[in-house]
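Commentary on secondary and tertiary structure
Listed below are the residues making up each chain.
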Amino acid sequence: MRSLVSLSHRRARPALQRFRQLSTNAVGGSSKSSPIGWPSLLLALGLGSFGLGYYLREKDKAREKVVKGSSKTIGKALLGGPFVLVDHNGQVQSEKTMFPPGNDRFALFYFGFTNCPDICPSEMVKISSVIRKVDGLGAEFENKLFPVFITVDPRRDGVEHLKHYIKDFHPRTVGLTGTPQQVAEVCKSYRVYHVPQKVEDDTEDYLVDHSIVIYLLSPQGVFLDFFTQLTEPEEITERIKQRMLNWTPEDDLPPGAPEEAAGAADVPAADAPPAAGAPSAATGATVEK
Ligand code: NI
C-alpha cells in the first residue's frame, strides 16, 4: 500500500502579494478579486481535513473487503471510463479510438493546462523522460507507451493551442481538449479536480488549480497505476516496466463492465471538487493491491 500524496498547484504568485491579499480580506476588505480570505481559507483547511479523514476511513473499509476476498477487483476500474474529446489534430477521440481492440500500447494520462507556468511543463518534461527510459528498456518495450495531455482549461486550450504546446514535449504526445462539459466529464471519471482561479472578472490571464497526477492506462484503456509529482522518473519507469511485464489482456476489465459497479460504490465521491485550495483526498483511492 502506498500512502496518499495529494498535490495541487496554482501560480507561484509572489508571496508578498499573496500575503497582502490575505491581509486585506482579514480586515474586511471587499476586494472581489482576491481568490481567498481567512474565513474561506480556514473553511478550506477544515474541509480538506474532513475529506482526508473520510478517505482514510473509506480506504480501511476497502482494505477489509480485499482481505475478505469479497472484491478482488477493488484496485481496478474505479478510475476512468468512456470519454469523448478532440485531439491536437482536430480528430474526435474516445476510449474506443485510443484503445482499440488489439492495441498494444500503454498510455500515460496527465491533466493540466497550457498556461501553467511551472508544474505542468516540468511534469510533461518528466513524462517525456520516462517515455525515453521505457523505450530504452529493450525492443519489447519500445514504442509501447505514449503520453496524453488532457487540458483542464478548454476555454483557452483549443486544438491549435494544444498542437503548439505539445511540440515542446515527447513527439508521441497526444493533446486532448473538448467542450467544457466533455472536459468536466473526463476529469470527473479520473477524479481530477480543477478550479479556475480568476484574478479579475474580465481577464484571460487566470490560473487553474488542479490535481497533479500521472495515470498509467493499459492497452485497453484500463487504469493500472498512478504517480504523483514526487514520484521520480526512475521509479515511474520501473513500475511501468513491471506493469508491462505482468500485463495480459485478460487482466483488464473493460470500462463499464458489470463488476465495476460493486467496487465503485466504496470509493468516496470525488466529483464535487474540494473547496479551492483544499487538498484533493480523492485521487489514489484505488491503489489497494
Ligand atoms: Ni499545472
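Before reading on, note that the structure itself is shown above.
Now for a quick tour of the structure.

Quick word on the pattern of salt bridges
According to the stated counting rule, one finds 9 salt bridges in the structure shown. The closest approach of N and O atoms between K144 and D104, which form a salt bridge, is 3.5 Å. Of this pair, K144 sits in the loop between α4 (119-135) and β5 (145-151) while D104 sits in the loop between α3 (95-98) and β4 (106-112), placing them 40 residues apart in sequence. Residue K144 is classed as partly exposed on the basis of its relative accessible area of 23%. Look at D104 and you get partly exposed, because its relative accessible area is 40%. As a salt-bridge pair, R243 and D225 come within 3.8 Å of each other at their nearest N and O atoms. One end of the pair, R243, is in helix α7 (residues 233-246); the other, D225, is in strand β10 (residues 223-228), and 18 residues separate them in sequence.

Describing the environment of L176
Summarising the element assignment, L176 is placed in strand β6 (residues 174-177). Once the C-alpha coordinates of L176 and L162 are considered, the two residues, 14 residues apart in sequence, prove to be 7.5 Å apart.

Quick notes on the side chain of T231
With respect to the helices, strands and loops of the structure, T231 is situated in the loop between β10 and α7. Engagement of the side chain of T231 in a polar contact is seen with the backbone nitrogen of T228, the distance being 2.9 Å. Those residues in contact with T231, other than ones at most four positions away along the chain, are K126, I236 and R239.

Some remarks on the packing of aromatic side chains
Overall, the coordinates contain 12 aromatic pairs when judged by the stated rule. Seen from their ring centres, F99 and F146 are 6.3 Å apart, and the 35° between their planes marks the pair as tilted. Pair noted here: F99 is in the loop between α3 and β4 and F146 is in strand β5, with a separation of 47 residues, a long-range link. F146 matches F99 in its accessibility class, with the two residues each being buried. Centroid distance F106 to W247: 5.6 Å. Interplanar angle 75°. Geometry classified as edge-to-face. Taken as a pair, F106 in strand β4 and W247 in the loop between α7 and α8 (259-264) lie far apart in primary sequence, 141 residues in all. Of the two residues, F106 and W247, both sit in the buried class. Joined through ring pairs, the aromatic side chains of F83, F99, F109, F111, F146, Y190, Y215 and F223 make up one cluster. Over the ring of Y206 we find R156, and its NZ or CZ is 3.6 Å from the ring centre.

As for unusual backbone geometry
The phi dihedral of N143 is positive, around 60°, even though this residue is not glycine. N143 gets classed as partly exposed once you look at its relative accessible area, which sits at 39%.

Overview of the sheet that holds strand β3 (residues 92-94)
Reading across from one edge, β3-β2-β6-β5-β4-β9-β10 is the order of the 7 strands in this open sheet, with mixed pairing throughout. Each end of this open sheet is capped by a strand with a single partner; those strands are β3 and β10. Each adjacent strand pair in this sheet contributes to an overall mean axis angle of 35°, direction not counted. As paired elements, β4 and strand β9 (residues 213-217) share 4 bridges and run antiparallel to each other. Each residue of the ladder has a partner; that of L108, found in β9, is L216. Sheet contacts for α4: β4, β5, β9 and β10; angle to β4, the most-contacted strand, approximately 170°.

Cut-offs and rules
- Residues numbered from 1 in each chain as written.
- Predicted model: local features only at pLDDT ≥ 70, side-chain atom pairs only at ≥ 80, totals over all residues.
- Heavy atoms only, no water.
- Salt bridge = Lys/Arg side-chain N within 4 Å of Asp/Glu carboxyl O.
- Helix = DSSP H or I, 4+ residues; strand = E, 2+ residues; numbered from the N terminus.
- Buried < 20%, exposed > 50% of the residue type's maximum accessible area, 1.4 Å probe, protein only.
- Polar contact = N/O pair within 3.5 Å; in protein donor to acceptor, adjacent residues only side chain to side chain.
- Contact = heavy atoms within 4.5 Å.
- Phe/Tyr/Trp six-rings, centres within 6.5 Å; stacked < 30°, edge-to-face > 60°.
- Lys NZ or Arg CZ within 6 Å of the ring centre and 35° of its normal.
- Pairing = 2+ DSSP bridges.
- Axes fitted to C-alpha atoms, helices over the stretch in contact; angles between N-to-C directions.

Read these as spatial facts, not as claims about activity.
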